[in-house]
Amino acid sequence: MSVITSNLLDETFVRLQEEGKTAFIPFITVGDPDPATTVDIIVALEQAGADIVELGVPYSDPLADGPVIQRASERALVRKITIDTCFDVARETRTRGVNMPFVLFTYYNPVLQMGLDKFFSSMQAAGISGLIIPDLPVEESGEVLALADAANVSLVPLVAPTSQDRIAVILSKARGFIYCVSSLGVTGERATFHEGLEAFIKSVKEMSDLPVAIGFGISNAEQVRQFSKICDGVVVGSAIVRKIEESVPLLQQGHSKEEGLLQIRDFVRLLKS
Ligand SMILES: O=P(O)(O)OC[C@@H](O)[C@@H](O)c1c[nH]c2ccccc12
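Residues numbered from 1 in each chain as written. Predicted model: local features only at pLDDT ≥ 70, side-chain atom pairs only at ≥ 80, totals over all residues. Heavy atoms only, no water.

An unreviewed UniProt entry lists the protein chain under the name Tryptophan synthase alpha chain, with Paenibacillus anaericanus as the source organism. Under the UniProt heading Catalytic activity (unreviewed entry), the note attached to the protein chain is "(1S,2R)-1-C-(indol-3-yl)glycerol 3-phosphate + L-serine = D-glyceraldehyde 3-phosphate + L-tryptophan + H2O". We quote the UniProt Pathway (unreviewed entry) comment for the protein chain here in full: "Amino-acid biosynthesis; L-tryptophan biosynthesis; L-tryptophan from chorismate: step 5/5." (UniProt positions renumbered as here; feature names shortened; annotations may be inferred.)

The following block contains the structure:
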């Protein structure tokens, strides 16, 4: 189905494809270590060459997350970060001149708690053009998809090498891009990936004219380079969240915050090199 409307996320992928580039998509947990620092980190990510950023809503039961992102969620929840804080961070980041598109990453429960109508009107007001809800199966996503389309928010699906028999249905409802997870299990840096991954990505690209991004386990420049050859986007979460975790002592001392941000910026530049 061709997308009738387009948004900043769609336009970004079109521009990158015209430039022959692969989107570099960091994931970070909002509020880790605090909301103001998250704004600084997003600015640093764009300066380091990020094209799109996945903003993770911290959650108490992150069932699909490995230990690194679980710890980031815990640090953020200590700060009582809610979805509303994420919208505030998105708006604040725009005032700092960040132009790249935001993709909100949240489990379904916090969205239900807020109420779908309020959630999507807030998404529009915060200028967030993408949405990933890993625990909302396509069979139950009808109402969310209709509201997302009406709010010009791209509901991005996750597909895994094991999604075979459901993949056609998932792709028929896809917007924005297709997020292919490289391996089974939870998020976290990996040295090896699901065998047959390349064939899987190729089959997804043949079945959908939307951009295809890969994520899960990608943690170094060589892996980014390899996946950039076969995908339109590469997502890196845990490796960057770990770098943030390591920089927290610097980030939380006013006089050394810039040093902490520099470490994160240099790490992302290295990944993109
Ligand atoms: O952390 P990794 O292995 O680099 O994978 C990206 C991942 O963090 C991010 O996209 C994400 C965070 N939580 C998730 C849960 C399910 C799927 C994807 C995610």
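K.L.:
Please explain the UniProt feature "active site" (unreviewed entry) in the protein chain as it appears in this structure.
P.N.:
When the UniProt feature table is mapped to this numbering, "active site" (unreviewed entry) covers Glu54 and Asp65. Restricting the annotated residues to those that line the largest cavity leaves Asp65. Of note, Glu54 is situated in strand E2 (residues 53-56). Excluding anything up to four places from it in sequence, Glu54 contacts Ile25, Pro26, Phe27, Ile28, Val103, Phe105, Ile132, Tyr179 and Val235. Inspection of the secondary structure puts Asp65 in the loop between E2 and helix H3 (67-78). Not counting chain neighbours up to four residues away, the residues in contact with Asp65 comprise Gln70, Tyr107, Val186 and Thr187. (1 Å grid on protein atoms, 1.4 Å probe; cavity = no way out; pocket = protein on both sides within 12 Å on 5 of 7 lines; lining within 4 Å. Helix = DSSP H or I, 4+ residues; strand = E, 2+ residues; numbered from the N terminus. Contact = heavy atoms within 4.5 Å.)

K.L.:
Explanation requested: the pattern of salt bridges in the structure shown.
P.N.:
Think of it this way: side chains of opposite charge can pair up when their charged atoms draw near. Evaluated as defined, the whole model comprises 19 salt bridges. Measuring nitrogen to oxygen at the nearest pair gives 2.6 Å for the salt bridge that ties Arg75 to Asp32. Taken together, the residues Arg75 in helix H3 and Asp32 in the loop between strand E1 (23-29) and helix H2 (35-47) connect sequence positions 43 residues apart. Judged by its relative accessible area of 2%, Asp32 is buried. With its nearest N and O atoms 3.0 Å apart, the salt bridge here joins Arg91 to Asp88. Of the two residues, Arg91 and Asp88 are both situated in helix H4 (residues 83-95); the distance of three residues between them amounts to about one turn of the helix. With relative accessibility at 35%, the residue Arg91 sits in the partly exposed group. Each member of the salt-bridge network shares a partner with another, and the members are Asp32, Arg71, Arg75 and Glu245. (Salt bridge = Lys/Arg side-chain N within 4 Å of Asp/Glu carboxyl O. Buried < 20%, exposed > 50% of the residue type's maximum accessible area, 1.4 Å probe, protein only.)

K.L.:
Is there a simple way to think about the packing of H3 against helix H11 (residues 238-251) in this case?
P.N.:
What describes two packed helices is the angle between their axes and the distance between those same axes. Running from amino to carboxyl end, H3 crosses H11 at an angle of 50°, the nearest separation of the two axes being 9 Å. In terms of orientation, H3 and H11 fall into the oblique class. Here the hand of the crossing between H3 and H11 comes out left-handed. Taken together, the residues of H11 that come into contact with H3 (itself represented by Val68, Ile69, Arg71, Ala72 and Arg75) are Ser238, Val241, Arg242, Glu245 and Val248. (Axes fitted to C-alpha atoms, helices over the stretch in contact; angles between N-to-C directions. Parallel < 35°, antiparallel > 145°, perpendicular 65-115°, else oblique. Left-handed = near helix turned anticlockwise from the far one by under 90°.)

K.L.:
How should the sheet that holds strand E6 (residues 158-159) be read in this particular structure?
P.N.:
Strand order across the open sheet formed by nine strands is E5-E4-E3-E2-E1-E9-E8-E7-E6, with parallel pairing between neighbours. Strands with a single pairing partner mark the edges of an open sheet, and in this sheet they are strand E5 (154-155) and E6. Relative to strand E9 (residues 233-236), strand E8 (residues 212-215) runs parallel, the two being bridged by two bridges. Counterpart to Ala213 in the pairing with E9 is Gly233. (Pairing = 2+ DSSP bridges.)

K.L.:
Sorry if this is basic, but what is going on with the site of the ligand here?
P.N.:
Near the ligand lie 17 residues; those nearest to it are Asp65, Tyr179, Gly217, Gly237 and Ser238. Residue Glu54 places a side-chain N or O atom 3.0 Å away from an oxygen atom belonging to the ligand. With the chains in place, 99% of the 440 Å² that the ligand exposes on its own is no longer accessible. Of all the cavities here, the one that holds the ligand is the largest pocket. (Near = heavy atom within 4 Å. Polar contact = N/O pair within 3.5 Å; in protein donor to acceptor, adjacent residues only side chain to side chain. Areas by Shrake-Rupley, 256 points an atom, 1.4 Å probe, with all protein chains shown as cover. Sits in = over half its atoms within 2 Å of the grid points.)

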